[in-house]
Amino acid sequence: NEQRGYINRLDFRVNGITARLEDHPQYIDIAKLVLPIFLVPGQMIKVTTPFHIKLPYNFSRGGHIGQSYQVTQWYPKPAVYDNKGWHPIPYLDQGEFYSEFGNFEVQITIPLNYVVAATGELQNTEEKKWLEERANTLTIIPTTKNHQPGSAQQKGKADTIRSSSEMKTLVFKQSNIHDFAWFADKRYIMNHDTLQLASGRIINIYSFYPPSSKTWEKSTQFIKDAVKTRSQWLGEYPYNVVKAWETQMGFSGGMEYPTITSISPGMSEKDLDLTIEHEVGHNWVYGILASNERDHPWMDEGMNTYFDLRYIKMKYGSESLITPKTKAPFILNRFPDDAQDLIYRALLKSKTDQPIETRSENFSDINYNLIAYYKTGLWMQSLEDNIGKELFDRAMHEYYNRWKFKHPSPDDLKKVVEDITGKNEDSLFSLLHTTGSIKLAQKKDSKVMAIGSFKNTDKYNYIFLSPAFGFNHYDKLMIGGLVHNFTLPANNFQYFIAPMYGTGSKKFTGIGRLQYTWRSYGFLQKTELSLSAASFTMNEFTDSVGNRTFLGFTRIVPSLKLTFHKKDPRSSITKFVQWKTFLIKEDGLLFTRDTLRQQYVISFPKTSRYLNQLRFVVDNGRVLYPYIAELQAEQSTDFVKTTFNGNYFFNYSKGGGMNVRLFAGKFFYLGDKTFTKQFATDRYHLNMTGANGYEDYTYSNYFIGRNEFQGYQSQQIMISDGGFKVRSDLLAAKIGKTDDWLAAVNLKTSIPKNINPLEVLPVKIPFKVFLDIGSYSEAWQKDAVTGKFIYDAGIQLSLLHEFINIYIPIVYSKVYSDYFKSTITEKRFWKNISFSIDIQKFNQIKISRQSIF
């Protein structure tokens with residue numbers, strides 16, 4: 001609660017008469033002012049209100065961090081009324097503003113030792129002199145007798161410096177702007193410079209930052225470069241001041257306001273230059289032209305990006321199209337400078353992009369950044385290439401001069417371009433409404449490389465070569481090679497082949513996959529047809545004279561996966577249907593009695609089996625309360641097995657949460673149930689207790705020692721069916737195993753910090769608490785060996801983001817307790833522990849919760 005903000009104590013009056021407010025039916029931060037008197041054309045009214053605001057802890061570009069203040073979105077703001085009517089829209093993190101022009105005079109009363117920077121021109125002469133004294137110096141000049149130069153408190157955080165008991169009132173004025181922001185901090189120094197524009201007019205340049213920010217020493221020059229280039233390419237800057245303020249904003253980038261911009265700390269000199277250039281550049285397209293950024297975000301962010309690219313080429317000579325660091329949630333700031341084009345092409349290849357002409361709130365996160373920003377920059381470059389640089393520059397100047405302070409629309413830009421070129425530009429502007437690339441694809445050459453690379457993937461079809469290694473208890477260390485073509489953008493035809501040699505088994509092993517993907521914007525986003533194969537050793541046998549025989553398996557799996565297109569690109573829900581057929585050949589172990597010789601003969605026959613598997617999955621990867629639900633049907637000789645598996649995560653308000661897993665399954669025999677069928681289908685039966693390697697009947701999970709019954713390898717399980725963590729492998733019939741029906745609930749929760757006994761340790765131990773409860777058909781029969789419900793509970797240690805999980809059962813049903821007492825005579829606690837290795841954690845690579853592969 002202490003971090004939340006609010007605004008209240010509103011009392012709107014019109015010409016002194018109290019006016020009624022009507023709440024917006026959808027948005028809490030919008031109200032309709034009902035005039036108590038008629039307003040007819042040509043007349044004016046005066047609307048006034050007091051208001052009281054509590055600034056939140058800094059988020060979404062505004063608030064406070066201790067006693068450092070970033071005061072944005074802080075006053076009641078009138079909606080825009082234009083030729084399309086009223087625009088009562090809330091502020092959004094993505095899409096931001098559409099605000100009306102006005103003339104501002106703002107008075108700020110604040111303790112004397114605060115440095116304040118704000119939109120517009122400072123009117124206080126004494127304050128200007130005081131700020132100049134702080135310019136270009138690392139020593140904070142004291143303003144009262146309470147502060148001594150060089151004292152330790154002056155070098156600390158803003159809230160460790162005592163605020164002056166004296167107050168000052170600062171006045172800022174600015175005309176023809178549509179927003180007002182101000183910033184205050186007791187630590188800051190100021191740099192000041194001037195810039196003479198082409199008209200001869202001189203403007204003031206200011207930058208504000210803490211003394212520790214060394215890269216800001218050239219900040220005023222970066223501001224000047226931005227103003228000069230934008231004035232040259234669009235039109236002369238109309239205001240008398242430009243300012244930049246360094247502050248924490250919760251992301252790496254910047255944020256624009258009229259005549260002032262805020263920039264996050266910790267940037268290199270080049271990043272600071274490009275970020276200042278981008279944010280100062282917003283003064284033209286966001287501030288002066290002031291298009292409807294909610295309906296047409298490209299007219300601000302995208303057009304600004306085009307001039308960013310032009311600036312970069314001019315100043316740094318870069319031939320690649322690099323987007324500077326901008327505002328959150330600009331996910332591409334996490335990638336190297338030249339990665340935007342790579343991720344953009346990967347997005348287009350996945351056919352999950354959206355048209356440039358899309359409303360801000362309708363863009364997905366990644367599309368907002370790659371389409372509204374980057375693709376628009378490419379489109380503007382294409383416009384320049386088509387009409388020529390001279391005509392393009394003339395058109396931009398005319399657009400600026402004709403529409404400054406007037407809220408232009410896309411049609412207004414198109415009209416200007418056509419007026420300048422004298423041509424119909426429908427074909428170029430139609431690209432704003434289409435998906436896909438605006439450039440023709442070029443022919444690629446093949447290139448062989450070691451390891452992997454994302455460079456020049458627009459020019460080459462790469463084939464990558466690298467060493468490959470593997471390990472299991474039987475093959476021991478496996479050494480081989482890997483050949484693949486996985487890169488970005490993803491190829492339609494993808495493959496990897498990894499042949500290896502087992503140093504323990506002395507056998508060739510390996511794994512491989514071939515896949516072809518069709519992508520579309522239609523009902524099916526992706527259609528993936530694949531063929532995978534694997535061959536490894538899964539057991540060994542040593543006869544009476546010490547001869548070892550290694551038993552292996554070979555698996556071939558054709559598959560078809562259909563991923564459905566999202567109706568809402570912002571949706572975090574993924575739906576797909578997948579069919580697989582597992583064709584498996586295994587080495588068996590058979591003992592037969594030779595009656596003539598009166599001895600047993602050991603043979604190793606090869607057996608073949610198949611399994612058809614059909615899955616329907618709904619996966620909602622949202623941040624709060626994510627869930628995944630899966631229906632699965634499997635069929636093989638003599639049986640059909642159907643299951644439902646659902647996972648739902650409940651977030652705790654202070655971090656962590658609880659995962660709830662629901663499982664239900666039913667096993668059907670094809671034809672009459674016989675003992676022979678029961679025996680033959682045993683490994684497929686529904687299972688309550690920890691499933692071992694033998695029960696991984698599709699060989700889809702990684703087991704160190706798949707068929708070991710001694711040593712730590714025997715304690716490995718996989719989470720399937722009932723999902724219990726206790727084991728009963730040494731029984732002829734495992735506890736909780738059934739060929740009828742089974743249901744279970746699995747709970748797993750993190751421990752809140754306030755009750756976590758391990759929080760006092762210097763090293764954080766990632767442990768959770770689990771509880772499993774289940775029932776199955778046989779438990780409801782007369783004279784059942786268990787109660788109707790069985791359970792286990794204990795501690796789970798999760799390592800590497802739950803890639804490795806260690807389970808320590810603490811309490812469990814009596815039937816398990818009896819099993820442990822009868823089978824484990826020593827070191828019972830350690831023998832009860834189980835662990836899992838979830839290789840599926842590496843099966844998906846996602847960026848910003850949206851797969852683009």
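Residues numbered from 1 in each chain as written. Predicted model: local features only at pLDDT ≥ 70, side-chain atom pairs only at ≥ 80, totals over all residues. Heavy atoms only, no water.

Novice: Is there a simple way to explain the overall build of the protein in this structure?
Specialist: A count of helical and extended segments in the protein gives 12 helices and 42 strands. With the principal axes as the frame, the protein shows a C-alpha extent of 115 × 65 × 60 Å. Taken over 853 residues, the protein has a buried fraction of 49%. One way to put it: in the protein the 102 positive side-chain charges average out to a point 4 Å from where the 86 negative ones average out. (Helix = DSSP H or I, 4+ residues; strand = E, 2+ residues; numbered from the N terminus. Buried < 20%, exposed > 50% of the residue type's maximum accessible area, 1.4 Å probe, protein only. Lys, Arg positive; Asp, Glu negative; His and termini not counted. Charge placed at Lys NZ, Arg CZ, Asp CG, Glu CD.)

Novice: How should the sheet that holds strand E3 (residues 17-18) be read in this particular structure?
Specialist: Hydrogen bonding along the main chain pairs the strands of a sheet, whether they run parallel or antiparallel. If you trace the 3 strands from one edge of the open sheet to the other, you get E3-E2-E6, paired in antiparallel fashion. The open sheet is flanked by E3 and strand E6 (47-48), the only strands paired with a single partner. (Pairing = 2+ DSSP bridges.)

Novice: Help me out: how do you make sense of the pattern of salt bridges in this one?
Specialist: For side chains of opposite charge, pairing can occur when their charged atoms come near one another. This model, assessed by the stated rule, comprises 43 salt bridges. In this structure, Glu 236 engages Arg 201 in a salt bridge whose closest nitrogen and oxygen atoms are separated by 3.6 Å. Of the two residues, Glu 236 sits in the loop between helix H2 (219-233) and strand E19 (241-246) while Arg 201 sits in the loop between strand E17 (189-196) and strand E18 (202-209), which places them 35 residues apart along the sequence. For Glu 236, a relative accessible area of 27% gives the class partly exposed. The partly exposed category is assigned to Arg 201, whose relative accessible area is 25%. Overlapping salt bridges, with partners in common, bring together Asp 682, Glu 695, Asp 729, Lys 734 and Lys 737 in one network. (Salt bridge = Lys/Arg side-chain N within 4 Å of Asp/Glu carboxyl O.)

Novice: Sorry, what's going on with the nonpolar core here?
Specialist: Proteins that are soluble and globular tend to have nonpolar side chains buried together. Counting 106 residues, the largest nonpolar core has Val 116, Phe 180, Trp 182, Phe 208, Val 227, Met 303 and Trp 379 as the members making the most contacts within it. If you tally residues by element for this core, the top one is helix H6 (residues 365-387), at 12 residues. In this structure, Ile 584, Met 688, Tyr 699 and Tyr 819 belong to the second largest nonpolar core, which totals 35 residues. (Core = buried A, V, L, I, M, F, W, Y, C linked by side-chain atoms within 4.5 Å.)

Novice: Explain helix H4 (residues 301-316) to me, please; I cannot follow it from the model alone.
Specialist: Given 3.6 residues per turn, any residue in an α-helix points the same way as the ones three and four places further on. Under the 1.5 Å per step criterion, the end-to-end length of H4 is 21 Å for 16 residues, consistent within 8% with the ideal 22 Å. Most of H4 sits inside the fold, with 12 of its 16 residues counted as buried. Listed as buried for H4 are Glu 301, Gly 302, Met 303, Asn 304, Thr 305, Tyr 306, Phe 307, Asp 308, Leu 309, Arg 310, Tyr 311 and Ile 312. On its buried face, H4 sits against H2, strand E20 (254-257), helix H3 (269-288), H6, helix H7 (389-403) and helix H8 (410-421). (Expected span 1.5 Å × (residues − 1). Contact = heavy atoms within 4.5 Å.)

Novice: Can you help me understand H8 in this one?
Specialist: Taking 1.5 Å of rise per residue, the 12 residues of H8 would be expected to cover 16 Å, and the 17 Å separating its terminal C-alpha atoms lies within 8% of that figure. In terms of burial, H8 is a largely internal element, 9 of the 12 residues being buried. Its buried side turned inward, H8 meets H4, H6, H7 and helix H9 (426-430). Remark: Gly 422 follows H8 within two positions and exhibits a positive phi of approximately 70 degrees.

Novice: Quick question: what am I supposed to make of unusual backbone geometry here?
Specialist: Phi is mostly negative for residues that are not glycine, and the peptide bonds are mostly trans. Here Leu 488 and Pro 489 are connected by a cis peptide whose omega angle stands at -10 degrees. Considering the arrangement of structural elements, one finds Pro 489 in the loop between strand E24 (476-484) and strand E25 (493-502). We note that Lys 351 has phi near 55 degrees; this positive angle belongs to a residue other than glycine. The phi angle at Asp 721 is positive, at roughly 50 degrees, despite the residue not being glycine. Here Asp 721 shows up in the loop between strand E36 (686-687) and strand E37 (737-738). Judged by its relative accessible area of 10%, Asp 721 falls in the buried class.

Novice: Where do I start with the sheet that holds strand E13 (residues 115-118) in this structure?
Specialist: Spatial ordering of the open sheet is given by E8-E9-E16-E13, a layout of 4 strands whose pairing is antiparallel. For this open sheet the edge positions go to strand E8 (63-65) and E13, each flanked by a neighbour on one side alone. Averaged over all adjacent pairs, the angle separating strand axes in this sheet is 10 degrees, with direction ignored. Pairing geometry for E8 and strand E9 (residues 68-71), over 3 bridges, is antiparallel. Residue Gly 63 lies in a different strand from E9, and its bridge partner there is Gln 70. (Axes fitted to C-alpha atoms, helices over the stretch in contact; angles between N-to-C directions.)

Novice: Explain the packing of aromatic side chains here, please?
Specialist: Aromatic ring pairs: the centre-centre distance and the angle between the two ring planes describe each pair. Evaluation of the coordinates by the stated rule reveals 51 aromatic pairs. A ring pair is formed by Phe 486 and Phe 496, whose centres lie 6.2 Å apart and whose planes are at 55 degrees; its orientation type is tilted. Placement of the pair is Phe 486 in the loop between E24 and E25 and Phe 496 in strand E25, with a sequence separation of 10 residues. The class of Phe 496 is partly exposed, set by a relative accessible area of 22%. (Phe/Tyr/Trp six-rings, centres within 6.5 Å; stacked < 30°, edge-to-face > 60°.)

Novice: Help me understand the environment of Phe 523 in this model?
Specialist: Position of Phe 523 among the secondary structure elements: in the loop between strand E26 (508-519) and strand E27 (524-542). Separated by 94 residues in sequence, Phe 523 and Phe 429 have C-alpha atoms that sit 27 Å apart. In contact with Phe 523, other than residues within four places in its own chain, are Phe 564 and His 565.

Novice: Before we go on, may I ask you to explain the pairing of strand E40 (residues 790-799) in this structure?
Specialist: Along any regular strand, the residues point their side chains to alternate faces of the sheet. In terms of strand pairing, strand E39 (residues 767-776) meets E40 through 8 bridges, oriented antiparallel. Counterpart to Ile 773 in the pairing with E40 is Tyr 791. Two elements, E40 and strand E41 (residues 804-812), share 8 bridges in a ladder whose sense is antiparallel. Paired with Gly 794 across the two strands is Pro 809, which belongs to E41.

Novice: Which parts of the structure should I look at to understand the side chain of Arg 727?
Specialist: In this fold, Arg 727 is placed in the loop between E36 and E37. Here the side chain of Arg 727 touches Ile 833 through a polar contact of 3.4 Å, landing on its backbone oxygen. Non-local contacts of Arg 727, meaning those with residues more than four positions away in its chain, are made with Gly 690, Ser 714, Gln 715, Ile 717, Tyr 819, Phe 820, Lys 831, Asn 832, Ile 833 and Ser 834. (Polar contact = N/O pair within 3.5 Å; in protein donor to acceptor, adjacent residues only side chain to side chain.)

Novice: What is the right way to look at the packing of H3 against H4 in this model?
Specialist: Angle between the axes and distance between the axes are the two parameters that describe a pair of packed helices. Interhelical geometry of H3 versus H4 gives an angle of 135 degrees and a closest axis separation of 9 Å. In this view, H3 runs oblique relative to H4, as classed from their interaxial angle. Relative to H4, the crossing made by H3 is right-handed. Each of Lys 270, Asp 273, Leu 274, Glu 277, His 278, Gly 281, His 282 and Val 285 in H3 lies in contact with H4, whose residues at this interface are Glu 301, Met 303, Asn 304, Thr 305, Phe 307, Asp 308, Tyr 311, Ile 312, Lys 315 and Tyr 316. Considered class by class, the residues forming the contact of H3 with H4 number 7 nonpolar, 5 polar and 6 charged. (Parallel < 35°, antiparallel > 145°, perpendicular 65-115°, else oblique. Left-handed = near helix turned anticlockwise from the far one by under 90°. Nonpolar A, V, L, I, M, F, W, Y, C, P; charged D, E, K, R; others polar.)

Novice: Help me understand the packing of helix H5 (residues 340-350) against H6, please; the structure alone is not making it clear to me.
Specialist: Packing of H5 against H6 brings their axes to within 11 Å, and their N-to-C directions diverge by 110 degrees. Taken together, the axis directions place H5 and H6 in an arrangement best described as roughly perpendicular. Here H5 contributes Gln 340, Asp 341, Ile 343, Tyr 344 and Leu 347 to the contact with H6, which in turn contributes Ile 366, Asn 367, Leu 370, Ile 371, Tyr 374, Lys 375 and Leu 378. Split into classes, the residues belonging to the contact of H5 with H6 amount to 8 nonpolar, 2 polar and 2 charged.

Novice: I'm lost on the confidence of the model for the protein in this one. Help?
Specialist: Mean pLDDT over the protein stands at 90; residues scoring 70 or higher make up 92%. The low-confidence segment residues 319-323 (pLDDT under 50) makes 12 contacts with residues lying over four places distant or belonging to another chain. Note that residues 327-337 has pLDDT below 50 and, in this model, 35 contacts with residues that lie over four places away or in other chains. (pLDDT = per-residue confidence, 0-100.)

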